[in-house]
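Tertiary structure, described
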Amino acid sequence: MQRLKRLTDDILDVTRIEGNKLLLKKESICIWDLLYSILKEFEQSLNSSNNKDIKLNLYFRNIELDAIISADRNRIIQVVSNLINNSIKFISKENENDGVAGIINLIVEKTKLNSKDKKDIDYISNNIIISIKDNGQGIDAEIFPRLFTKFASKSFQGTGLGLYISKNIVEAHGGKIWAKNNENGKGATFSFSLPFDNK
C-alpha cells in the first residue's frame, strides 16, 4: 500500500515537472534543524524495522549550525529522504558478513561555485553543498550515464523516479545535483547544491 502511494506521488510529481508546474513554497529554514530531524526519523524507522546495523551521521564543515537557507521545506525533505533511502537500499550485504556496519554520512559545507544568471552571465555564488555518502555497493556503470533520468534503476524496490524528481527539485531551487563512486571503491556520494545568501 505504501509503495503504491509512493508511486502515485512520484507520477504526480513527474506530471508537474513536465508541465512546468512544480511550484516551490520557499521559507527561511535552519538547515541543521531540518537535517537533524530527517536523520532522527530515519533512525527511528531503522530501529523499528530491526535494521540497526546502519549508522547515520551528520557533519557540518565551514558553516554555522544556525545557518539559514531559503527553500521549500517539504521539497528539500523529499530530496534528502530520496538520497538516504537510496543509500539504505544499496548498503552492501557484504558489510554484514564482514561485521562492518553500514554507514551513511550526511555532510554539509559552504562553498563558492561558478553559476550563471538568467542572462547566461557567469558569476561566483555562495552555495551550500549537502552530500550523502555511504559505504554500500556504489553506482552501477550501466546506470551511471542516465542516473538522473526517469526509470534509471536496477532495483525492484523503488519507482525509478526518485533521482529524476530530486534533480528537478534541486534545479528549481537554482542548484545542481551530481554523484560519484567513492575513491576507496566502497559506496557512492550524492551531492546537491543550494544557493546560500548568508555571508
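Preceding this section is the structure that the text describes.
Now for a description of the structure that goes with this document. (Residues numbered from 1 in each chain as written. Predicted model: local features only at pLDDT ≥ 70, side-chain atom pairs only at ≥ 80, totals over all residues. Heavy atoms only, no water.)

1. A word on helix H2 (residues 31-48)
In a regular helix each residue adds 1.5 Å, so 18 residues correspond to 26 Å; H2 covers 26 Å between its end C-alpha atoms and thus fits that length. Burial in H2 covers these residues: Ile 31, Leu 34, Leu 35, Ile 38, Leu 39, Phe 42 and Leu 46. Looking straight down H2, one finds its buried side chains confined to an arc of 125 degrees; they lie on one side. Facing away from the buried side of H2 by more than 90 degrees, the exposed set consists of Glu 41, Gln 44 and Ser 48. (Helix = DSSP H or I, 4+ residues; strand = E, 2+ residues; numbered from the N terminus. Expected span 1.5 Å × (residues − 1). Buried < 20%, exposed > 50% of the residue type's maximum accessible area, 1.4 Å probe, protein only. Arc of directions from axis to C-beta.)

2. Some words on the packing of aromatic side chains
Counted by the stated rule, this structure contains 3 aromatic pairs. Seen in terms of ring centroids, Trp 32 and Tyr 36 are 5.8 Å apart; in terms of plane orientation they differ by 15 degrees. Their pairing is stacked. Taken as a pair, Trp 32 and Tyr 36 lie in helix H2 at a separation of 4 residues, close to a single helical turn. Owing to a relative accessible area of 41%, Tyr 36 belongs among the partly exposed residues under this scheme. Judged by centre distance (5.2 Å) and plane angle (75 degrees), the rings of Trp 32 and Phe 60 are edge-to-face. Taken as a pair, Trp 32 in helix H2 and Phe 60 in strand E2 (residues 54-61) lie far apart in primary sequence, 28 residues in all. Judged by relative accessible area, Trp 32 falls into the partly exposed class, the value being 25%. A connected cluster of aromatic rings, assembled from ring pairs, spans Trp 32, Tyr 36 and Phe 60. (Phe/Tyr/Trp six-rings, centres within 6.5 Å; stacked < 30°, edge-to-face > 60°.)

3. Here we look at unusual backbone geometry
The backbone of Asn 62 sits at a positive phi, close to 60 degrees, despite the residue not being glycine. Turning to its location among the elements, Asn 62 is positioned in the loop between E2 and strand E3 (68-72). Taking the relative accessible area as the measure of exposure, Asn 62 reaches 59% and is therefore exposed.

4. Thoughts on the environment of Ser 48
Secondary-structure assignment places Ser 48 in helix H2. On the accessibility criterion, Ser 48 (62% relative accessible area) is exposed. A distance of 2.9 Å separates the side chain of Ser 48 from the backbone oxygen of Ser 45, its partner in a polar contact. (Polar contact = N/O pair within 3.5 Å; in protein donor to acceptor, adjacent residues only side chain to side chain.)

5. Description of helix H3 (residues 73-90)
Across its 18 residues, H3 extends 26 Å between first and last C-alpha, which sits within 8% of the 26 Å expected from 1.5 Å per residue. For H3, every residue scored as buried is listed here: Arg 75, Ile 76, Gln 78, Val 79, Val 80, Ser 81, Asn 82, Leu 83, Ile 84, Asn 86, Ser 87 and Ile 88. Two or three places before Asn 74, at the start of H3, stands the capping residue Asp 72, its side-chain oxygen 3.2 Å from that residue's backbone nitrogen.

6. Considerations on the pattern of salt bridges
Overall, the coordinates contain 4 salt bridges when judged by the stated rule. Across the pair Lys 167 and Glu 171 runs a salt bridge, and its minimum N-O distance is 3.0 Å. Of this pair, Lys 167 and Glu 171 both sit in helix H5 (residues 162-172), separated by 4 residues, roughly a single helical turn. Of the residues examined, Lys 167 reaches a relative accessible area of 26% and is grouped as partly exposed. Residue classification places Glu 171 among the partly exposed residues on the basis of a relative accessible area of 40%. (Salt bridge = Lys/Arg side-chain N within 4 Å of Asp/Glu carboxyl O.)

7. A word on the environment of Asp 140
Relative to the helices and strands, Asp 140 resides in the loop between strand E5 (122-134) and H5. We classify Asp 140 as partly exposed; its relative accessible area is 35%. Distance in space between the C-alpha atoms of Asp 140 and Asn 181 is 9.1 Å, their sequence separation being 41 residues.

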